[in-house]
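# Descriptive structure summary
Here is how the chains run, residue by residue.
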Amino acid sequence: MYISKINIHNFRNLKKFNLNFNSGLSIIIGENNIGKSNLLDSLNLIFNSNYSVSPYSNNAYKQSGTSGTIDVSIEGGASLC
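First, a word on scope: everything that follows refers to the structure included in this document. Since we're looking at a predicted model, the values are computed, not measured. The residue count restarts for each chain, going from 1 along the sequence in the order it is written. Predicted model: local features are reported for residues with pLDDT of at least 70 only, side-chain atom pairs are reported and counted for 80 or more only, and whole-chain, interface and lining totals are derived from all residues. As a convention, hydrogens and water are excluded, and side-chain values are obtained from all of the structure's heavy atoms.

### What about the overall build of the protein chain?
Along the protein chain, the regular secondary structure elements total 1 helix and 3 strands. Each helix is a run of DSSP H or I of at least 4 residues and each strand a run of E of at least 2, with the numbering of both proceeding from the N terminus. Going from N to C terminus, the protein chain has its helices and strands arranged as β-β-α-β. Within the protein chain, the fraction of its 81 residues that count as buried is 22%. Surface accessibility follows the Shrake-Rupley procedure with a 1.4 Å probe radius. Residue values consider only the protein chains on display as shielding. Accessible area for the protein chain stands at about 6,000 Å²; split by element, carbon and sulfur atoms hold 48% of it. Burial classes: relative accessible area under 20% of the type maximum marks a residue as buried, over 50% as exposed, and values in between as partly exposed (1.4 Å probe, protein chains only).

### Digging into the pattern of salt bridges
By definition, a salt bridge exists where a carboxyl oxygen of Asp or Glu is found within 4 Å of a side-chain nitrogen of Lys or Arg. By the definition in use, this model includes 1 salt bridge. Put simply, Arg12 and Asp41 hold a salt bridge, and the shortest N to O gap is 2.5 Å. In this pair, Arg12 is assigned in the loop between β1 (2-11) and β2 (14-20) and Asp41 in helix α1 (residues 36-47), connecting sequence segments 29 residues apart. Across this residue pair, the class does not change: Arg12 and Asp41 are buried.

### Remarks on α1
Given a rise of 1.5 Å per residue, 12 residues ought to cover 16 Å, and the 17 Å separating the end C-alpha atoms of α1 matches this to within 8%. Taken together, the buried positions of α1 are occupied by Asn38, Leu39, Asp41, Ser42 and Leu43. Helix span is expected to be 1.5 Å times the residue number reduced by one.

### Let's talk about the pairing of β2
Pairing between strands requires that DSSP locate at least two bridges from one strand to the other. The pairing of β1 with β2 spans 6 bridges and is antiparallel. Bridge assignment links Ile6 to a residue of β2, and that residue is Leu19.

### Quick notes on the sheet that holds β2
Sheet strands pair by backbone hydrogen bonding; their relative direction is either parallel or antiparallel. Pairing within the open sheet is antiparallel, and its 3 strands lie in the order β2-β1-β3. Every interior strand has two partners, whereas the edge strands, β2 and β3 (69-75), have only one. Here the average twist between neighbouring strands, direction ignored, is 10°. Contact between two residues is taken to exist if any of their heavy atoms lie within 4.5 Å; hydrogens are not considered. Lines fitted to C-alpha atoms define the axes, with helix axes restricted to the stretch in contact, and inter-axis angles between N-to-C directions lie between 0 and 180 degrees. Together, β1, β2 and β3 form the strand contacts of α1, whose direction differs from that of β1 by roughly 105°.

### Comments concerning the nonpolar core
Buried Ala, Val, Leu, Ile, Met, Phe, Trp, Tyr and Cys residues that are joined via side-chain atoms within 4.5 Å together make up what is termed a nonpolar core. Of all hydrophobic cores here, the largest spans 8 residues; its members are Ile6, Ile8, Phe11, Leu14, Phe21, Leu39, Leu43 and Ile70. Of all the elements in the fold, those that place two or more residues in this core are β1 and α1.

### Brief notes about a nonpolar patch on the surface
The residues that make up patches have over 30% relative accessible area and no salt bridge, and they are joined within 9 Å when like-charged or within 5 Å when they are Val, Leu, Ile, Met, Phe, Trp or Tyr. Together, Met1, Ile46, Phe47 and Ile74 make up a nonpolar patch on the protein surface, roughly 400 Å² of accessible area in all. Considering the arrangement of structural elements, one finds Met1 in the segment before β1. Under the relative-accessibility criterion, Met1 is labelled exposed at 56%.

### Focus: the environment of Tyr51
Within the fold, Tyr51 resides in the loop between α1 and β3. A C-alpha to C-alpha distance of 8.9 Å links Tyr51 and Asp41, two positions 10 residues apart in sequence.

Structural measurements only, silent on function.
If you want it as structure tokens, here you go:
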């Protein structure tokens, strides 16, 4: 089972972000302040029930009062149902 796709809209500095993964190891590299940590934080929000945005930022969404979305697609492996 692996994350095949992530779509993020309006979360921190990720205004519109789409990324497709292949099965196996994925490495995320890039320059400072382009959203690598925010990508990982968005996944933490999805998969960690104890995670909270508030310790890291009072302004999780790009614009105050605007909502955002984080969509994750998972492929492979056994069914969860």
